[in-house]
Amino acid sequence: MARASTSPVICNLLTSFDLNRFHKNIVLFIGRQNYKEACLKLIDAITLLNKRGTRYYELHIIGLTAKDFLEEIKADSIYFYGFLHKNIDAERNLYYKLIKQATIFANPTPEWG
């Protein structure tokens, strides 16, 4: 039986890919004010999942701040970054770091489903 070979392109991709990110449960939401309701649904879902205690999830939110919500968001697993400017090195680096670390990208807006 012939053995399947792995192409050099795939090998390079796998070695440069951060496999450690799959040991984390990091959910990333990217959206502005018009996606606030969807973000609230996601916050509720992550809070509920973390209360069940089988797995721990972190929710990282780009584009909104805690001040954008009428009620205070109290959870140590939710991180707000506001709008990140890609023309500012530190903010651009943070943006791409968050994307690289995320295991789940979520936007529960019905139009996106």
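This one's a predicted model, so the numbers in the text were calculated from it and none came from an experiment. Chains are numbered independently. Their residues run from 1 in the order of the written sequence. Only residues with pLDDT of at least 70 are given local features in this predicted model, and only at 80 or more are side-chain atom pairs given and counted; all residues enter the totals for whole chains, interfaces and linings. The basis for the side-chain values is all heavy atoms of the structure; hydrogens and waters are excluded.

Trainee: Which parts of the structure should I look at to understand the pattern of salt bridges?
Mentor: Two side chains bearing opposite charge may form a pair once their charged atoms approach each other closely. A carboxyl oxygen of Asp or Glu within 4 Å of a side-chain nitrogen of Lys or Arg is what we treat as a salt bridge. Evaluated as defined, the whole model comprises 1 salt bridge. R92 is paired through a salt bridge with D89; the nearest N and O atoms lie 2.5 Å apart. Remark: D89 and R92 occur in helix α3 (residues 89-101); sequence separation between them is 3 residues, near one turn of the helix. The classification of residues rests on relative accessible area computed with a 1.4 Å probe and restricted to protein chains. Under 20% of the type maximum is buried, over 50% is exposed, and intermediate values are partly exposed. Relative accessible area serves as the criterion here: at 27%, R92 is assigned to the partly exposed category. Residue D89 is classed as partly exposed on the basis of its relative accessible area of 48%. Secondary structure follows DSSP: runs of H or I at least 4 residues long count as helices, runs of E at least 2 residues long count as strands, and numbering of each begins at the N terminus.

Trainee: Please clarify how the side chain of H60 should be interpreted in this entry.
Mentor: In this fold, H60 is placed in strand β2 (residues 58-62). We define a polar contact as two N or O atoms separated by no more than 3.5 Å, with the added condition that, inside protein, one atom must be a possible hydrogen donor and the other a possible acceptor, whereas residues neighbouring each other in sequence contribute only through side-chain atom pairs. A polar contact of 2.8 Å, which involves the side chain of H60, links it to the side chain of E58. In terms of polar contacts, H60 uses its side chain to reach the side chain of Y81, at 2.7 Å. The criterion used for residue contact is that any of the two residues' heavy atoms lie within 4.5 Å. If sequence neighbours within four positions are ignored, H60 has contacts with I26, V27, L28, F29, Y79, Y81 and L98.

Trainee: Help me understand the pairing of β2, please; the structure alone is not making it clear to me.
Mentor: For a regular strand, the rule is simple: side chains alternate between the two faces of the sheet. Of all 5 residues in β2, 4 are buried; the element is thus mostly enclosed. Pairing of strand β1 (residues 26-30) with β2 involves 5 bridges; the strand directions are parallel. Residue pairing for β2: L28 is matched across the bridge by H60. Traced from β1 through helix α2 (residues 36-52) to β2, the parallel crossover comes out right-handed. In this structure, β2 lies alongside strand β3 (residues 78-82), joined through 4 bridges in parallel fashion. Residue pairing in the sheet places I62 in a bridge with G82 of β3. Note on pairing: DSSP must find at least two bridges between two strands before they are called paired. For the handedness criterion, the strands are oriented away from the viewer, and a crossover whose path from the first strand over the helix to the second runs clockwise is classed as right-handed.

Worth remembering: the numbers are spatial, not functional.
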